[in-house]
Every structure is written in structure tokens, then in C-alpha cells.
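Below, each chain spelled out in residue letters.
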Amino acid sequence: LGIVIADVSKHGFAPALIMTSTRRSVRYLAELETELSAILSGVNRAILEDTDPEHFITLFLAQLDPLLRSLRYAGAGHEGFLFDPHGELTKLASTALPLGVADLEIQPYPTSLPLQPGHLLLLFTDGLSEAMAAGTGPQFGTRRILEIVQTRRSAPAQEIVRELVQCVHDYCQPEAPHDDITVVVAKIESLAG
């Protein structure tokens, strides 16, 4: 099972087109290739060929294997977070520069992380963490996001996502968040095999 989250620098029509092209490239390469580094390296080459240097993409690709009970990932300028069944947190650090910055090989996480029921994978874009109070105040911040997930990790994934988005909207009042928000929560409830 593959899970992807990505964010294009800047806003507007051009970044939206870049994201559409990136999404298509990821889907196409994932059908041909299972190795994370090959998928992201191919996407990076396509972005470099077709995108102005002023734009780049942060992207996180996770591969969940229910038979091996494992998680592999590669992060191109994007990180993720993994809570274990006891609530202990592991930061899934970026393994490469953002896509579209340089012609380089993307490296996956070197080993598989073991999974068991109760693990929770959290991915989000900077629209969540960088949301500002009243549009100009301090940012919502990663620490606050992790605290909310930590306290709500037993709730269904949909509820956790809904609560995070609602907390950010409440935090930004009376204005709306200035950037788009994407949140992915994947909970390991049972494993095959």
C-alpha cells in the first residue's frame, strides 16, 4: 500500500498544474516500479525537465507492507511521524532534497520499520503547521499538532484529521488559514498473515 503527500512551492495556477503532473508521474512510476528510490528519482527527473527552477515540490512516499508488517519511506524535503502503540513518537526525517532542486538519486529509509496494531502514521503539509493566529500571530506549529494526535490517537483516523483541521481553523480566527491544508492519518489496526 502506497501513501503519498506532497506540496508545491508558491501558490496559484502554475503550482496546481505542477502538482497534477507530479501526481500523474508518481502513479505511473508506482505501477512500473516498487523501489521507492526509483519512483522518486524518476519523478524528480520529470519535474526537472518540465518545471521552472523557481518551483520545487516536497514529497513523502510511504510503503506499507501488511505481509512483512513493515513501513519503508522516502522523503524529498518532507517528513512524517510514526506513533507506536504506546504513544512513543518516531520522526521520519526527509531522506533527500525537495524534488525539482537538483538531479539526484532519492534514497529510501535504509531499513524497514516494523509495524504492529496500534501504530499511527501522520503526514501533513505546512499549511497545517504554519497556520498563523489571526493571520499574523505565531504559527500553529508541529509541536501542537503532535500533542493533539498524541492525546487523540485512540480515536478513528477520520476524527483525528477532522479535529486537527478544526483546531487550525479555530486558531486562525477570525481569518481563514492562508495556505491549503492536507493531513493523512493511517492507523494500523490489524495485519495480514
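Quick notes on the rules
- Residues numbered from 1 in each chain as written.
- Predicted model: local features only at pLDDT ≥ 70, side-chain atom pairs only at ≥ 80, totals over all residues.
- Heavy atoms only, no water.
- Helix = DSSP H or I, 4+ residues; strand = E, 2+ residues; numbered from the N terminus.
- Rg over C-alpha atoms; globule rule 2.2 N^0.38 Å.
- Buried < 20%, exposed > 50% of the residue type's maximum accessible area, 1.4 Å probe, protein only.
- Contact = heavy atoms within 4.5 Å.
- Areas by Shrake-Rupley, 256 points an atom, 1.4 Å probe, with all protein chains shown as cover.
- Lys, Arg positive; Asp, Glu negative; His and termini not counted.
- Charge placed at Lys NZ, Arg CZ, Asp CG, Glu CD.
- Phe/Tyr/Trp six-rings, centres within 6.5 Å; stacked < 30°, edge-to-face > 60°.
- Lys NZ or Arg CZ within 6 Å of the ring centre and 35° of its normal.
- 1 Å grid on protein atoms, 1.4 Å probe; cavity = no way out; pocket = protein on both sides within 12 Å on 5 of 7 lines; lining within 4 Å.
- Points joined across faces, edges and corners; volume = space filled by probe spheres on them.
- Nonpolar A, V, L, I, M, F, W, Y, C, P; charged D, E, K, R; others polar.
- Pairing = 2+ DSSP bridges.
- Axes fitted to C-alpha atoms, helices over the stretch in contact; angles between N-to-C directions.

Caption draft 1: View of the overall build of the chain. Scanning the chain for helices and strands turns up 5 helices and 8 strands. Tracing the chain from N to C terminus, the helices and strands come up as β-α-α-β-β-β-β-β-β-α-α-α-β. Its C-alpha radius of gyration of 17 Å places the chain within 12% of the 16 Å reference for a compact globule of 193 residues. For the chain, the spread of C-alpha atoms along the principal axes amounts to about 45 × 40 × 20 Å. In the chain, which comprises 193 residues, the proportion classed as buried is 44%. Contacts in the chain between residues at least 24 apart in sequence constitute 65% of all its contacts with a sequence separation of at least 6. Looking at the chain as shown, the accessible area adds up to about 10,100 Å², and 53% of this sits on carbon and sulfur atoms. Of the side chains in the chain, 14 bear a positive and 24 a negative charge, and the two mean positions are spaced by 6 Å.

Caption draft 2: Local environment of the packing of aromatic side chains. One pass over the full model with this rule turns up 3 aromatic pairs. Relative to Tyr73, the ring of Phe60 has its centre 5.2 Å away and its plane inclined at 15°; by these criteria the two rings are stacked. Taken together, the positions of Phe60 in strand 2 (residues 57-65) and Tyr73 in strand 3 (residues 70-76) put the pair 13 residues apart, joining distant regions of the chain. Taken individually, Phe60 and Tyr73 each receive the classification buried, so the pair is uniform in this respect. The ring of Phe140 carries the charged tip of Arg144 above its face, separated from the ring centre by 5.1 Å.

Caption draft 3: Focus on the layout of surface pockets. Here the largest pocket defines a volume of roughly 560 Å³. Along the walls of the largest pocket sit 30 residues, with Ala6, Asp7, Val8, Thr58 and Thr125 positioned nearest its centre. Only strand 1 (2-8), helix 1 (13-32), strand 2 and helix 3 (126-129) provide two or more residues apiece to the lining of the largest pocket. Within the lining of the largest pocket, the residues separate by chemical class into 11 nonpolar, 11 polar and 8 charged. There is about 190 Å³ of room inside the second largest pocket.

Caption draft 4: Layout of the environment of Glu130. Locating Glu130 in the fold gives a position in the loop between helix 3 and helix 4 (142-152). Residue Glu130 is classed as partly exposed on the basis of its relative accessible area, which comes to 32%. In the structure, Glu130 is positioned 18 residues away from Ile148 in sequence and 16 Å away in space, judged by C-alpha atoms. Filtering out sequence-adjacent residues up to four positions away, Glu130 remains in contact with Gln139 and His178.

Caption draft 5: Quick look at the sheet that holds strand 7 (residues 120-124). Here 4 strands make up an open sheet; going across it, the order is 5-4-7-8 and the pairing antiparallel. The sheet terminates laterally at strand 5 (89-92) and strand 8 (183-187), the two strands that pair on one side only. Between one strand axis and the next, the sheet turns through 15° on average, direction left out of account. As paired strands, strand 4 (residues 80-83) and strand 7 are joined by 3 bridges and run antiparallel to one another. Of the residues in strand 7, the one forming a bridge with Leu82 is Leu121. On the sheet, helix 4 packs against strand 4, strand 5 and strand 7 and is oriented at approximately 150° with respect to strand 7. Here helix 5 (residues 157-172) sits on the sheet and contacts strand 7 and strand 8; the angle it forms with strand 8, its principal contact strand, is near 155°.

Caption draft 6: Representation of unusual backbone geometry. Omega for the bond connecting Gln173 with Pro174 falls within 30 degrees of zero, at 10°, which places this linkage in the cis form. Checked against the element boundaries, Pro174 lands in the loop between helix 5 and strand 8. Positive phi is not limited to glycine here, since Arg69 has a value of about 55°. Using a relative accessible area of 34% as the deciding quantity, one classes Arg69 as partly exposed.

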